[in-house]
Amino acid sequence: MLHGIDVSAYQSSTYGTSGLSFVFIKATEGRSYVNSKLSAQTKHGRDAGLVVGFYHFLWPGDITAQAEYFVAHAPEKAGDVLAVDWETTGGGTHASNAEKDAFIRKVKSLRPHNRVVLYTNRNFWLTIDTTSYAGDGLWIADYVTAGQPRIKAKWLFHQYTDNPLDTDVANFASKAALQQWAAV
């Protein structure tokens, strides 16, 4: 298992990278938010030699505009991974299954040379999701032992804790294997 983290504007631009193979960085949310630390956090991950991913926090409504907003702000580099964060918004709503699926497909069409994955938590995967569509792979949040999420579906990334920050493992034999997969 490879180790990684995911960060947002709440974390430092110089997050710790020792022992990590990858980082996911929040890029955008809805159609109006961009992470103020996106550039610095991206540079820090790239300088440390990490596989870098970017995620968009999906809101319900205007999926095409959100996908275009995300790809307009997420840095574009071969080998980067893109993700949609599908969960309940601060307002208590969430995008529908059809919206989640349409977002992934739209991002894949706008960035055909990047992998696009679905991030969601165990509850959403088991009780909200009805399509099981995760694009190029599933990134599941379930706060249990690293690498042992309580789902039957095949997963690529597992967020297993948020203390002291979001910490993940990836189901790849080596960093080279992750890089090869991400290279599309």
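Trainee: Can you break down the packing of aromatic side chains residue by residue, with the values?
Mentor: Applying the stated criterion to the full structure yields twelve aromatic pairs. Taking 6.0 Å as the distance between ring centres and 50 degrees as the angle between the ring planes, the aromatic pair formed by Phe157 and Phe172 counts as tilted. Of this pair, Phe157 sits in strand β8 (residues 157–161) while Phe172 sits in the loop between β9 (167–170) and α5 (175–182), placing them 15 residues apart in sequence. The pair formed by Phe157 and Phe172 is uniform in burial state, with each residue classed as buried. Each ring, one from Phe157 and one from Trp181, has its centre 6.2 Å from the other, and the planes form 65 degrees; the classification is edge-to-face. With a gap of 24 residues between them, Phe157 in strand β8 and Trp181 in helix α5 connect regions that are remote in the sequence. A network of ring pairs unites the aromatic residues Phe22, Phe24, Tyr55, Tyr119, Trp139, Phe157, Phe172 and Trp181 as a single cluster. Residue placement shows Lys100 over the ring face of Trp86; its charged tip is 5.1 Å from the ring centre.

Trainee: Mind laying out the environment of Ala102, listing which residues take part and the relevant values?
Mentor: Within the secondary structure, Ala102 is located in helix α3 (residues 97–110). With 80 residues separating them along the chain, Ala102 and Phe22 place their C-alpha atoms 26 Å apart.

What counts, and where the lines are drawn
- All chains use their own residue numbering, which begins from 1 and follows the written sequence.
- With the structure being a predicted model, the display of local features is reserved for residues of pLDDT at least 70 and the display and counting of side-chain atom pairs for 80 or more, all residues being used for whole-chain, interface and lining totals.
- Side-chain figures throughout are based on the complete set of non-hydrogen atoms in the structure, without hydrogens or water.
- Under the pairing criterion, centres of Phe, Tyr and Trp rings, with the six-membered ring standing for Trp, must be within 6.5 Å; the plane angle then separates stacked pairs below 30 degrees from edge-to-face pairs above 60, leaving the rest tilted.
- Working definition: helices are DSSP H or I runs of at least four residues, strands are E runs of at least two. Numbering for both runs from the N terminus.
- Between buried and exposed lies partly exposed: a residue is buried under 20% and exposed over 50% of the maximum accessible area for its type, with that area taken using a 1.4 Å probe on protein chains only.
- Two limits define a charge over a ring: the Lys NZ or Arg CZ must be within 6 Å of the ring centre, and within 35 degrees of the ring normal.

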